[in-house]
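Here are the chains, one letter per residue:
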Amino acid sequence: MAGLVSKNFDKPDETRPFEDGKGRLDLVETGGGSVGRAVFEPGWKWSEHIKPLAGTDSCESAHTGYVVSGHMKVVMNDGDSAEIGPGDFIQIAPGHDAWVLGDERCVVLDWTGYDTYAKPVSG
């Protein structure tokens, strides 16, 4: 791995659009794994805008990240839930749904859960 890595999310290595234009995932490759910046537009909901791409009943990615802006509600399959917003550190286990709250886009940086996130299933 290089001694210094500098990347810019405005020039990502890969961009994955969400269904219905409800956002996108920008990925930068660090040599130690991908880091993602997700931009969730108002009205975005995992079960509507990512589920068709993922092919699973709920989000099966584990997330470790930081909320830059906006607000989101996360509901685990077991019913546990939380509202997250700017400045929040998040750790979310697989098995959840989530949606944007309010009229502001929600921007989240994630170090662990975006490698296969919003990547269409093959075959």
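In this text the structure is predicted, and so the values were computed from the model without any measurement.

A. Broad picture of the side chain of Arg 37. Its place among the elements puts Arg 37 in strand β3 (residues 34-40). Within the structure, Arg 37 has its side chain in polar contact with the backbone oxygen of Phe 9 (distance 3.1 Å). At 3.4 Å, the side chain of Arg 37 forms a polar contact with the side chain of Asp 10. For Arg 37, the residues in contact, after removing those within four places along its chain, are Phe 9, Asp 10, Arg 24, Leu 25, Asp 26, Val 107, Val 108, Leu 109 and Tyr 114.

B. Region of interest: the sheet that holds strand β7 (residues 89-92). The antiparallel open sheet is built from 6 strands, whose spatial order is β1-β2-β3-β9-β4-β7. The open sheet terminates on both sides in strands that have one partner only, identified here as β1 (14-17) and β7. The sheet shows a mean angle of 25° between the axes of neighbouring strands, taken without regard to direction. Two strands pair when backbone bridges link them, and strand β4 (residues 63-69) and β7 are joined in this way by 4 bridges, in the antiparallel orientation. Opposite Gly 65, over in β7, you have Ile 90 as the bridge partner.

C. Representation of the environment of Gly 113 in the model. Looking at the element boundaries, Gly 113 is found in the segment after β9 (106-110). As a C-alpha pair, Gly 113 and Asp 13 span 100 residues in sequence and 16 Å in three-dimensional space. Once residues lying within four places of it in the same chain are set aside, the contact partners of Gly 113 are Ser 61, Ala 62 and His 63.

D. Geometry of the pairing of β9. Across the 5 residues of β9, 5 count as buried, placing the element largely inside the fold. Side chains of β9 alternate between two faces, with Cys 106, Val 108 and Asp 110 and Val 107 and Leu 109 buried alike. Taken together, the 5 bridges between β3 and β9 define a ladder with antiparallel strand orientation. Paired with Ala 38 across the bridge in β9 is Val 108. Pairing between β4 and β9: 4 bridges, direction antiparallel. Each bridged residue has a counterpart across the sheet, and for Ser 69 the counterpart in β9 is Val 107.

What counts as what
Residues numbered from 1 in each chain as written. Predicted model: local features only at pLDDT ≥ 70, side-chain atom pairs only at ≥ 80, totals over all residues. Heavy atoms only, no water. Helix = DSSP H or I, 4+ residues; strand = E, 2+ residues; numbered from the N terminus. Polar contact = N/O pair within 3.5 Å; in protein donor to acceptor, adjacent residues only side chain to side chain. Contact = heavy atoms within 4.5 Å. Pairing = 2+ DSSP bridges. Axes fitted to C-alpha atoms, helices over the stretch in contact; angles between N-to-C directions. Buried < 20%, exposed > 50% of the residue type's maximum accessible area, 1.4 Å probe, protein only.

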